[in-house]
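Survey of secondary and tertiary structure
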Amino acid sequence: MLESDAIASRPPRTVARYILLWFLGGITFLLICAFIGSFFLDSIIRPRIEANMNGSLKGYHATLPHAHLQLVGLTLTLNDLSIAQLAHPQPPVATFPVMRFRIDWKHLLLGRVVANVRLEHPSFHIDEDQLASERKDPTSLRQKGWQDALQNAYPFKINRFVVDEGDVVYVEAGARKPLRLSQLNLVSDNIRSIEEPNHLYPSRFNASMTIFDRGKMSLQGRANYLMKPFPGMEASYTLKDVPMEALSTASRHINVAISGGAFSSDGFIEYSPTITNVDVHHATIDSINATYTHRPETEKAEAKRIDIAGKAVEKENNRRAVNLDIRELKIEHSKLIYANETSNPPYNLFIAGTDLKITNLVNHRASGPARMTLSGKFMGSGDTNITGTFLAAGDGPEVNTNVKIENTDLTQLNPLLRAYGRFDVAQGRFTLYSQFTIKDGNLNGYAKPMFSGLKVYDPQKDKNKSLIGQTKQVLIGTAAHVFKNRQTQTVATQVTISGSLKKADVSTWQAFVEIVENAFIKAILPGFDREAGSAETTGG
């Protein structure tokens, strides 16, 4: 009997089961063949993928030791991929222990051939030399071909991108420890805008990371990766307990030394080729010691930085496509120090226990003025209260400020008095009241320094000074006694602050520097100078 006749003579249910078994067996056989055949393709696809990636990269080189394409499921796995900068190849700027591409079967059933990619424990390493080389390169980082290299590793367009436990390290020469972002996790969907194609930002993403070993950051938002010339995004962010001291390596390049302190903030950011919106709901810096040092060897560089920073800030004022809004900024329980090493002798000015609050800090005039309040202890003893308003105007900043510093231990200012007045004091209290405004580039106001309980000459303190030096101390002390208000027992003078700022297009930062120099430091000394001159005339 023929086999076909045997099958035909069987019941229909048995025939169907027989055909199904043959079909499943054939599928199983093909899957086994595909699985085994996948291993024979590794030696072919690895050099091709490596060559395709290097064909896309500019200034960098990819090395791929292992690649495996599993035909069952069309899964491509790259192992130990590394990317090195040609100018400084060691260490590699990026390593990927596992990079896995998979077909997105859900969208395949809907007729879309797209893929998912997952990076497991990737690490990115950048050092000072590599960063300097990148800055000098005329080709921008966006034009280095990173996206094309990733796309050329797998033939299907990527629609979902996942990073598991990534690590980013920046190493700078002389730094105590590298700057590190760790436990970086990212999930981004709908990269090809298959869903919600008409949404401005159709792709969703979530990210979290640990910043500088302690701080935490989270991002939740949407993006449009297809925008040109670069992707656009909007996101809500939260930062908690980020150690400010980790920035000390970078801040020393701008003469700022940082110790202690933690930064926390939350808000919203939108950044795209057409608009920039930064809405900081709250930002707090707690318990930081920050010292700005004015040095002779960096004096020109400092002036240049102030000019560049000021012009950058002024450029964004009232710019339609840029909206910057800091609703509340606080610096709490901190110490802010200005150190001047250009004078002889050097001196420090500081406010301890600083509590600073700024609200409504915006870059558009229509949003109204920012308001500032500051309290603390000037030189560790003087009760300090500063209030003011600031308005970003098109023709320069508009500022209105009131300053009150009361009962500062004057001996703490002796280095300043020696630097500018060539004398010092044995005891005394210093008080300063000041008010000034800036509008249309003009500075107007007054500073009223007051001195009480003065004792300028002290035989023990001044025993090592020359005869001329001791005589000057006596004359200043005598003048202070002669011109003392008999009722208040204070010596006081008033200095008028007026004139235009040095440049018609002076920046906000330049205005601040000029105010510190002309309205504060020079306001402390006129009372002494006038009294010393009067005493010398009288004595002559």
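Report on the accompanying structure. (Residues numbered from 1 in each chain as written. Predicted model: local features only at pLDDT ≥ 70, side-chain atom pairs only at ≥ 80, totals over all residues. Heavy atoms only, no water.)

1. Quick word on unusual backbone geometry
The residue after Gln90, namely Pro91, is reached through a cis peptide bond having omega -5 degrees. Checked against the element boundaries, Pro91 lands in the loop between β3 (75-85) and β4 (94-103). For His121, which is not a glycine, the phi torsion comes out positive at approximately 55 degrees. Here His121 lies in the loop between β5 (114-120) and β6 (123-127). (Helix = DSSP H or I, 4+ residues; strand = E, 2+ residues; numbered from the N terminus.)

2. Here's the deal with the pairing of β6
With 2 bridges joining them, β4 and β6 adopt antiparallel strand pairing. When the sheet's bridge partners are listed, Thr95 is paired in β6 with Ser123. The pairing of β6 with strand β7 (residues 157-171) spans 5 bridges and is parallel. Looking across to β7, one finds that Ile126 is bridged to Tyr170. (Pairing = 2+ DSSP bridges.)

3. Let's talk about the environment of Pro345
Residue placement: Pro345 occurs in the loop between β14 (322-340) and β15 (347-362). Here Pro345 is in contact with Pro415, Arg418 and Ala419, once residues within four sequence places are set aside. (Contact = heavy atoms within 4.5 Å.)

4. Regarding the environment of Leu219
Within the secondary structure layout, Leu219 lies in strand β10 (residues 215-224). Along the chain, Leu219 and Glu234 lie 15 residues apart, while their C-alpha atoms are 9.7 Å from each other. Setting aside chain neighbours within four positions, we find Leu219 in contact with Phe205, Asn206, Ala207, Ala235, Ser236 and Tyr237.

5. Quick word on the nonpolar core
Residues Leu349, Phe378, Leu410, Leu413 and Phe430 are the most contacted members of the largest nonpolar core, which totals 37 residues. In terms of residue count, the dominant contributor to this core is β15 (6 residues). (Core = buried A, V, L, I, M, F, W, Y, C linked by side-chain atoms within 4.5 Å. Buried < 20%, exposed > 50% of the residue type's maximum accessible area, 1.4 Å probe, protein only.)

6. Points about the pattern of salt bridges
Tallied over the entire structure, the rule returns 15 salt bridges. Residues Arg100 and Glu120 are paired through a salt bridge, measuring 3.0 Å at the closest nitrogen-oxygen approach. Linking Arg100 in strand β4 with Glu120 in strand β5, this pair joins segments that are 20 residues apart in sequence. Residue Glu120 is classed as partly exposed on the basis of its relative accessible area, which comes to 23%. Arg180 serves as the salt-bridge partner of Asp167, at 2.7 Å between the closest nitrogen and oxygen. Of the two residues, Asp167 is situated in strand β7 and Arg180 in strand β8 (residues 179-189); the sequence distance between them amounts to 13 residues. Judged by relative accessible area, Arg180 falls into the partly exposed class, the value being 36%. Because the salt bridges share partners, they merge into one network encompassing Glu195, Glu196, Arg204 and Arg222. (Salt bridge = Lys/Arg side-chain N within 4 Å of Asp/Glu carboxyl O.)

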